[in-house]
Amino acid sequence: MSFSESFFAAKFGISSRDLEAHLAEALGRGGDYADLYFEYLATSSISIDESIVKSATQGVSLGVGVRVIAGERTGYAYSDDLSREKIRHAAQVAALIASGPSKVDQTPLEEGRKRNLYPVLTAPNETAFKERVELAQRADHAARAYDPRIFQVQVTYADSLRHVMVATSDGVLNFDRQPLARMSVAALARTGNGVPQQGHSGGGGRYELEFFQRERTPEYFAGEAARQAIVQLDAVEAPAGEQIVVLGPGWPGVLLHEAVGHGLEADFNRKGVSAFSGRIGQQVASPLCTVVDDGTIGGRRGSLNVDDEGNETQRNVLIENGILRGYLQDKLSSRITKTTATGNGRRESYEHIPMPRMTNTFMLAGESDPADIIRSVPRGLYCANFGGGQVDITSGNFVFSASESYLIEDGKLTRPVRNATLIGNGPEAMKYVSMVCHDLKLDEGVGVCTKEGQGVPVGVGIPTVRIDRMTVGGTA
Amino acid sequence: MTFAELPQVAQDVIQQAVAAGASDAECTIAEGDEFSANVRMGELETLKEAGSRGAGLRVLIGRRMGASYTSDLTAEGIRQMVRSAIDLAALTTEDPHAGLPDTEELGSLRGDLQLFSGETAELPTERRIDMAKRAEAAALAVDPRITNSEGAGFDSSVNGRVFANSRGFLGSYRTSYCSVSAVPVATENGSMERDYWYSTARNYKGLEDAETIGRKAAARALRRLGAVKVETQRVPVIFEPRIARSLLGHIFDAVDGRAIYRGASFLAGKLGEKIADEKITIIDDGTIPGLFGSSPFDDEGVPTRRTPVIERGVLKSYLLNAYTARKLKLRTTGNASRGITGNAGIGHGNFFLEAGQRSQEEMIRGLKNGFFVTELIGSGVNTVTGDYSRGAVGIWIRDGELAFPVSEVTIASTLQEMLNGIAEIGNDLEFQSSISAPTIMLGEMTVAGR
């Protein structure tokens, strides 16, 4: 696809001369760098509650963000109108961050290399809504059929197609089409008039509807949600205090996201406010741990052909055999620290300034066997699923909430336990990883990471691991 | 197009929807202008200024709904939005409870709610930046151990909202907001702690003085230095106001009409029952002039009101929109909330715990051994079962004094026990956001540490 055939050129008549003129306007008062981020987002979602299709929504939003960097300063403005006059006005507002005559020579725009990690065959708005309704109804039926104790089921199927175009004063011109789809199922179970328990499941990625017909069916997600709700009916109080903790494979990789990922984002480290600041080359995890952030895995929720600053995403090693190797960079931080961008500059929308963010963050597989890990624990907690997590990057303290976990007693999984929060300290917790299994699994594709109010889709993954010491926040 | 022209646009949308076959329709148009300036280590770091708007439509064809939205308010954009909502309504299922509020429920509060001041928008950019700089400088000057800063900021916004429906409701209002915040970092013996303080107001003249904000933030970061992990134990716990507010947030989730009709709340079916200590009265009031949770009507065109939710420990009311009220055979409480499209959810007005008599100092003095919580992290609260477990930071209380900082621990209990176990309520209620609470003391919680 050439520029003239690209979405914004074809639909809004934007020419490469327009882009260069807007960039020149943005740099009109000085400044070292400017970029434009065009976004057109079409979304649709349907939801089922009480077996009724209660909601179907569709819509579009579009706009352009203009950024000017002058030294360490950033000026930003946006417009939800793509007319030349409105973009020019936004460029003038963003330019106010700089003062003085223009001093940068703009590099002529050159289209970036093309690759496609998520081919889009059908625009979501062209796929019949009926098929989506059918998918959601299948999930509703399957969850209810799982067990008579399931008494409420909610299903949401949401998808979107985002067209983006990035043009920068250092000559980058890139465009991308980014599909994203997710199915979510929530089930409530109850025995007689007992206390209800809930189970959640969901997944998806940069896929189209077909993914849910062939790869991960509604029945799969529905079964998971219902199973978790039923398991919780017999849950006992979680233990309180330091325990041996075993994390199951997949979504429990949210540990890595909170314990190390955020702390390695370059903006915090450049400012010296992260618990990991200045620790490159140091041991921050056990030698069994190698953690990567990889934005290039086909179809994954956290993957992108190009990041939201026009740089290609890549596979970045964060921790190698326990040694801290690198930070996640965006353009601003890499300019200031004179390092190379790592393809981690992301933003929620055209209304937002990009920041260093994770893509898909996971730990590489080790050699242990999952059954051996469980057998090795005299008394501890096995966590199969988590809700969300949070971290204070300055102190390094992080938490994550176990939504499905089991007591380990004498090397065997015994009773399920109620929701509990686990807490640890980033640079310390992973030193206690004593076994890493061969069963690396990536999550199903549900993650949303929030930083400074901006939400972006991300992925996580982890093999089964044993952590010798972590505080479990139960009541027993 | 100015804000004054938007009500006409909303009415046109309704007319087009009805002409296209909608038996009922609701249109929301929202616009917002935002400004933010961030400074760090005395230098301006980011400056952002922009505005945007969007329109949303929800239609009913009989008892089937369809919804759409657009940021394109041209005639063509609106035609597409209307077509899209009508088309979708053909694919949803009949919902016997779907519909707009009854006509006699519709309306808007009279009088000036003082939600908007144009003065902040008039404030020159330089003065805004200066407020942020002064807050940060004051923080950095407090103590040599304040070595770094995540920055300080001045944020402001002006928002407008228009709502129209096919039963003749048309209303609009504007709100303004501004805040100054500071996030200093304290360092000692190689460990770092940060904390923050901020002030919010409708008009910049109502903000706390910038230097005070910086000094409070610095004092908070400093007192966290040298934090330790304590032994696992059960002790009385004090929540300072901004932490007590998070507990109110969970209570709000549990009285949300949607959770109630689904049976997905530990408070479902408990109307009229005693569910909390009798010291507790929790009110939702969207009618108080100037406050952040106030508005003349909710997002379905029903006037806001004062609703006692818990009165002296007894659950008095859920918070409802038209749909959840119909499901529960009750009347709407004027708590409909939504973005610009789709079915209305549930929101709150000013949702607060009524103040008690005791000062925070008295509560601390009264404890031999306890935990004063200043920050909570994580999302380990389940309002279906009431299970509560969160990461906590704070100060240990020994013999009536704030003795030493504590971190990397959790506090756990259930919301049921916490509500029944509130031992003291403070006299320090302030309305800095739409959920507010004074200091509270809870009888006992499990603190998990070493």
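Being a predicted model, the structure only gives us computed values, none of them experimental. (Residues numbered from 1 in each chain as written. Chains lettered and ligands numbered in written order. Predicted model: local features only at pLDDT ≥ 70, side-chain atom pairs only at ≥ 80, totals over all residues. Heavy atoms only, no water.)

Draft legend 1. A look at the overall build of chain A. Secondary structure assignment for chain A yields 11 helices and 24 strands. Against the compact-globule benchmark of 23 Å for 476 residues, chain A has a radius of gyration of 24 Å, which places it among compact chains. Counting the 476 residues in chain A, one finds 63% classified as buried. Taken as a whole, chain A presents about 16,500 Å² of accessible surface, with 48% of it coming from carbon and sulfur. Each charge class in chain A can be summarised by its mean position, and for the 49 positive and 58 negative side chains these summaries are 2 Å apart. (Helix = DSSP H or I, 4+ residues; strand = E, 2+ residues; numbered from the N terminus. Rg over C-alpha atoms; globule rule 2.2 N^0.38 Å. Buried < 20%, exposed > 50% of the residue type's maximum accessible area, 1.4 Å probe, protein only. Areas by Shrake-Rupley, 256 points an atom, 1.4 Å probe, with all protein chains shown as cover. Lys, Arg positive; Asp, Glu negative; His and termini not counted. Charge placed at Lys NZ, Arg CZ, Asp CG, Glu CD.)

Draft legend 2. Looking closely at the sheet that holds strand E9 (residues 291–294) of chain A. All names here are of chain A. The strand order across the open sheet built from six strands is E11-E10-E9-E14-E23-E20, with neighbouring strands paired in mixed fashion. Only two strands of the sheet have a single neighbouring strand rather than two, namely strand E11 (323–324) and strand E20 (441–442). For E20 and strand E23 (residues 459–462), the ladder comprises two bridges, and the chain directions are antiparallel. By the bridge assignment for E23, Leu442 is matched with Gly461. (Pairing = 2+ DSSP bridges.)

Draft legend 3. How the structure looks around helix H5 (residues 210–222) of chain B. Its 13 residues place the ends of H5 of chain B 19 Å apart at the C-alpha level, agreeing with the 18 Å of an ideal helix rising 1.5 Å per residue. Every buried residue of H5 of chain B is accounted for by Ala210, Ile213, Gly214, Ala217, Ala218, Arg220, Ala221 and Leu222 of chain B. (Expected span 1.5 Å × (residues − 1).)

Draft legend 4. Main features of the environment of Arg418 of chain A. When you line up the elements, Arg418 of chain A lands in the loop between strand E17 (412–417) and strand E18 (420–425). Under the relative-accessibility criterion, Arg418 of chain A is labelled partly exposed at 25%. Separated by 221 residues in the primary sequence, Arg418 of chain A and Gln197 of chain A place their C-alpha atoms 9.7 Å from one another. Arg418 of chain A has contacts with Gln232, Ala235, Val236, Glu237 and Ala238 of chain A together with Asp387 and Thr414 of chain B, leaving out every residue within four places of it along the chain. A polar side-chain atom of Arg418 of chain A sits 2.5 Å from a polar atom in the side chain of Asp387 of chain B. (Contact = heavy atoms within 4.5 Å. Polar contact = N/O pair within 3.5 Å; in protein donor to acceptor, adjacent residues only side chain to side chain.)

Draft legend 5. View of the packing of helix H4 (residues 129–146) of chain A against helix H6 (residues 218–232) of chain A. Residue and element names in this part refer to chain A. Contact geometry of H4 with H6 gives a least axis separation of 8 Å together with a crossing angle of 35 degrees. Along this stretch, H4 crosses H6, giving a crossing that reads as right-handed. Contacts from Leu135, Arg138, Ala139, Ala142, Ala143 and Tyr146 of H4 reach H6 at Pro218, Glu219, Ala222, Gly223, Ala226, Arg227 and Ile230. Residues of the contact of H4 with H6, tallied by class, amount to nine nonpolar, one polar and three charged. (Axes fitted to C-alpha atoms, helices over the stretch in contact; angles between N-to-C directions. Left-handed = near helix turned anticlockwise from the far one by under 90°. Nonpolar A, V, L, I, M, F, W, Y, C, P; charged D, E, K, R; others polar.)

Draft legend 6. Region of the structure containing the nonpolar core. Ranked by internal contacts, the top residues of the largest apolar core, which has 54 residues, are Leu19, Phe38, Met165 and Leu173 of chain A together with Phe154 and Leu207 of chain B. Tallying contributions element by element places strand E2 (residues 52–70) of chain A first for this core, with six residues. (Core = buried A, V, L, I, M, F, W, Y, C linked by side-chain atoms within 4.5 Å.)

Draft legend 7. The arrangement of the pattern of salt bridges in detail. One pass over the structure, following the stated rule, counts 71 salt bridges over all chains. Taking the shortest distance from any N to any O, the salt bridge between Asp81 of chain A and Lys86 of chain A comes out at 3.9 Å. Judged by its relative accessible area of 43%, Lys86 of chain A is partly exposed. A salt bridge links Glu444 of chain A to Arg216 of chain A; the nearest nitrogen and oxygen atoms lie 2.7 Å apart. A residue pair is termed long-range when its members are at least 10 positions apart, and Glu444 of chain A in the loop between E20 and strand E21 (448–451) and Arg216 of chain A in the loop between helix H5 (210–214) and H6 qualify at 228 residues. With a relative accessible area of 28%, Arg216 of chain A lands in the partly exposed category. Taken together, the shared-partner salt bridges in this structure form one network comprising Asp392 of chain A together with Glu150, Glu193, Arg194, Asp195, Arg220, Arg224, Glu240, Arg242 and Glu375 of chain B. (Salt bridge = Lys/Arg side-chain N within 4 Å of Asp/Glu carboxyl O.)

Draft legend 8. Highlighting the interface of chain A and chain B. The interface is formed by 71 residues belonging to chain A together with 71 residues belonging to chain B. Counting across the interface, chain A meets chain B through eight salt bridges. A salt bridge links Lys271 of chain A to Glu45 of chain B, with the shortest nitrogen-to-oxygen separation between them at 3.4 Å. Remark: the boundary between chain A and chain B carries 39 residue pairs in polar contact (both at pLDDT 80 or more). Considering each element in turn, the side of chain A that touches chain B owes the most residues, 11 residues, to E2 of chain A. For the side of chain A that touches chain B, a count of residues per class yields 29 nonpolar, 30 polar and 12 charged. Examined bridge by bridge, E2 of chain A and strand E3 (residues 64–70) of chain B share four bridges and lie parallel to one another.

Draft legend 9. How the structure looks around the sheet that holds strand E11 (residues 314–315) of chain B. Residue and element names in this part refer to chain B. Strand order in the open sheet made by the five strands is E11-E10-E9-E14-E19, with mixed pairing throughout. The sheet is open, and its two borders are formed by E11 and strand E19 (435–436), each paired with just one other strand. For strand E9 (residues 282–285) and strand E10 (residues 306–311), the ladder comprises four bridges, and the chain directions are antiparallel. Paired with Ile283 across the two strands is Pro308, which belongs to E10.

By themselves these figures say nothing about function.
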